[in-house]
Amino acid sequence: MNLSLRQLKVFIGVAQASSFTKTAQRLHLSQAALSAIIRELETQLHCRLLDRTTRSVALTEAGRMFLPTATHIVATIENAALELRKIGREEQRLLRVGVMPHIAVSLMPTVLNRFASLYPLVRVEVIDSTPVELLRMVEDGALDAAFGPFFRKESGVDRVPIFPTRLMLAVGMQENDWPDFSTESATWSALQGVPLICFSDDTPIQRLVEENLSIAAVTTGKRTPVGHLETAIAMAEAGFGVAVVPSISAAACQRFRIRLYPIIPAIELPFYCITRAGRGNNETLDHLSAVFEQVAQDYSSKAGVVKKGRGRAAAG
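Keep in mind it's a predicted model, so treat the numbers as computed, not measured.

**Some details on the pairing of strand S6 (residues 157-172)**
- The sheet contact formed by S6 and strand S11 (residues 268-276) spans 9 bridges and is antiparallel. Bridging from a neighbouring strand, phenylalanine 163 pairs with phenylalanine 271 of S11.
- As judged from the 4 bridges shared by S6 and strand S9 (residues 242-246), these two strands associate in the antiparallel manner. When the sheet's bridge partners are listed, leucine 169 is paired in S9 with valine 244.

**Things to note about the packing of aromatic side chains**
- Counting across every chain of the model gives 7 aromatic pairs.
- Seen from their ring centres, phenylalanine 115 and tyrosine 119 are 5.0 Å apart, and the 35° between their planes marks the pair as tilted.
- Tyrosine 119 gets classed as partly exposed once you look at its relative accessible area, which sits at 28%.
- Measuring from ring centre to ring centre gives 4.9 Å for phenylalanine 163 and phenylalanine 271, while their planes differ by 15°; the resulting arrangement is stacked. Placement of the pair is phenylalanine 163 in strand S6 and phenylalanine 271 in strand S11, with a sequence separation of 108 residues.
- An aromatic cluster is present here, built from Phe147, Phe163, Phe271 and Phe292 joined pairwise through their rings.

**Re unusual backbone geometry**
- Of note, the bond from isoleucine 264 into proline 265 is cis; its omega dihedral lies within 30 degrees of zero at -5°.
- Position of proline 265 relative to the elements: it lies in the loop between strand S10 (258-262) and S11.
- Non-glycine residue serine 18 carries a positive phi angle of around 50°.
- Mapped onto the secondary structure, serine 18 falls in the loop between helix H1 (5-17) and helix H2 (20-26).
- Positive phi outside glycine occurs at histidine 46, with the angle close to 60°.
- Along the chain, the position of histidine 46 falls in the loop between helix H3 (31-45) and strand S1 (50-52).

**Quick word on the nonpolar core**
- Within the largest apolar cluster, 40 residues are counted, with the highest numbers of intra-cluster contacts made by Leu167, Leu169, Phe181, Trp188 and Val242.
- Those elements giving two or more residues to this core turn out to be S6, strand S7 (196-198), helix H8 (204-215), helix H9 (229-237), S9, helix H10 (250-253) and S10.
- The element contributing the most residues to this core is S6, with 5 residues.
- With sequence-adjacent residues up to four places away left out, phenylalanine 181 is seen in contact with Leu169, Val171, Ala186, Ala190, Leu191, Val194, Val242 and Tyr261.
- Grouped together as the second largest cluster of nonpolar side chains are 26 residues, Val99, Ala104, Val122 and Phe147 included.

**Remarks on the pairing of S9**
- Of all 5 residues in S9, 5 are buried, a share of seventy percent or more.
- Burial along S9 is two-sided: the residues Val242, Val244 and Pro246 and Ala243 and Val245 are all buried.
- Sheet analysis places S7 next to S9, joined by 2 bridges and oriented parallel. Residue pairing in the sheet places isoleucine 197 in a bridge with alanine 243 of S9.

**Considering helix H6 (residues 108-118)**
- Within the span of H6, buried status applies to Met108, Val111 and Phe115. In a view along the axis of H6, the buried residues occupy a sector of 60°, so they form one face of it. In H6, the exposed residues that point more than 90 degrees away from the buried face are Asn113 and Ser117.

**Here we look at the side chain of asparagine 176**
- Counting through the fold element by element, asparagine 176 comes out in the loop between S6 and S7.
- Of the polar contacts made by the side chain of asparagine 176, one reaches the backbone oxygen of glutamine 174; its length is 3.2 Å.

**Looking at the environment of leucine 67**
- Tracing the backbone shows leucine 67 in helix H4 (residues 61-92).
- Judged by relative accessible area, which is 21%, leucine 67 ranks as partly exposed.
- Ignoring sequence-local partners within four residues, the contact set of leucine 67 consists of Phe11, Ile12, Ala15 and Leu59.

**Digging into the environment of proline 131**
- With respect to the element layout, proline 131 can be found in helix H7 (residues 131-140).
- Accessibility expressed as a relative area gives 34% for proline 131, which makes it partly exposed.
- Look past the residues within four positions of proline 131 in its chain and what remains in contact with it is Met100 and Phe150.

**What to know about the state of the cysteines**
- Scanning the entire structure with this criterion turns up 0 disulfides.
- Cysteine 198 provides the cysteine sulfur closest to cysteine 253, a residue in no disulfide bond, and the two sulfurs are 17 Å apart.
- Residue classification places cysteine 253 among the buried residues on the basis of a relative accessible area of 0%.

Scoring rules and cut-offs
- Residues numbered from 1 in each chain as written.
- Predicted model: local features only at pLDDT ≥ 70, side-chain atom pairs only at ≥ 80, totals over all residues.
- Heavy atoms only, no water.
- Pairing = 2+ DSSP bridges.
- Helix = DSSP H or I, 4+ residues; strand = E, 2+ residues; numbered from the N terminus.
- Phe/Tyr/Trp six-rings, centres within 6.5 Å; stacked < 30°, edge-to-face > 60°.
- Buried < 20%, exposed > 50% of the residue type's maximum accessible area, 1.4 Å probe, protein only.
- Core = buried A, V, L, I, M, F, W, Y, C linked by side-chain atoms within 4.5 Å.
- Contact = heavy atoms within 4.5 Å.
- Arc of directions from axis to C-beta.
- Polar contact = N/O pair within 3.5 Å; in protein donor to acceptor, adjacent residues only side chain to side chain.
- Disulfide = S-S within 2.5 Å.

Right, dumping it as C-alpha cells:
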C-alpha cells in the first residue's frame, strides 16, 4: 500500500462537496484525473469509498469509516509541515559561524556590525577556535559554516573560496640593520640573513615560506618559533625579526606598530567558507559571506598602501 497525501485530499474534497465537478474545479484538476485518483485509492484500500450516480456522490459505509482517519492524517501532515517551515525560518535567522581567534578579534566586530545594519533580524553566534576544531564542528553540524584558510579539501565539507589573500612581510617600526623593505624590494632574496618569526612546519603558510626560501636559496637569520598569528605580529613589533603573514591580518596589525609589505612575486592564498556537505543553500549565510568578503577586502586593501621608505605604514 502506498497512499499519497494527494489521494487523501482528493477523497476528502469529494466527500465534503459531494461532487466530483466542484472538487475538480477547486483542486484545479480535470474530472478524468480526479476520477483516476479516487479509483487508485479505492484499489489500494480494496474497497469502494464513494457511490457515484449521474446526479450525486455519497460515501459508502467504508468511506464514512475512512473519512475521519484521512482527515486526521492530512491535518497532522499539514500542521507538521507548517511547524517545519517555521523552524526553517527561525534557523535562517540564527547563524552559528566559526573563525580563528585572530579573525574573531580583528575582523568579526566590523563584520557583525555591518551585517546587523543590513539584516537586523538575524542573530549571529561566533565560535573562535583552531582550523582543525572548526572543521570538526562544521562536519558535526555544530556550526553552520566556518571562515578561514582551509587550504586542504576534506571529505564531508563543501569549500567555497570567497576572496584571495596574499603573503605579506610584517616588519616592526624600530630601527634595525635589515633591508629597507618596500613594494619593490620585499622579495624572498631580501630575507637573506634576516631574523624570521616562524610558525610550525605543518602549517600551510610556513610550508609555503620554506618552499619559497628554498627556491630563492635563502638562509634566514635567527628563527623565533610561535604558535599564533598575533604572537608573530607582536614579536615583529618588538623587533625579534620579520614575520610572513596573510594580508587578511592587516586588521589585526592595526593594534600594533607594524608595517606590511607585499612579497614579490605575489603568492595568493584563497580564503574559504566551509559548510557541511549536502547541507543545501542558505541565503542568510550567503549574505553574511558577502559582508565578510567586503570587510576582509577593505582591510586587505590597506595592506597594499606601503610606499618605499619607512615613513608610511599599511596598518598601524
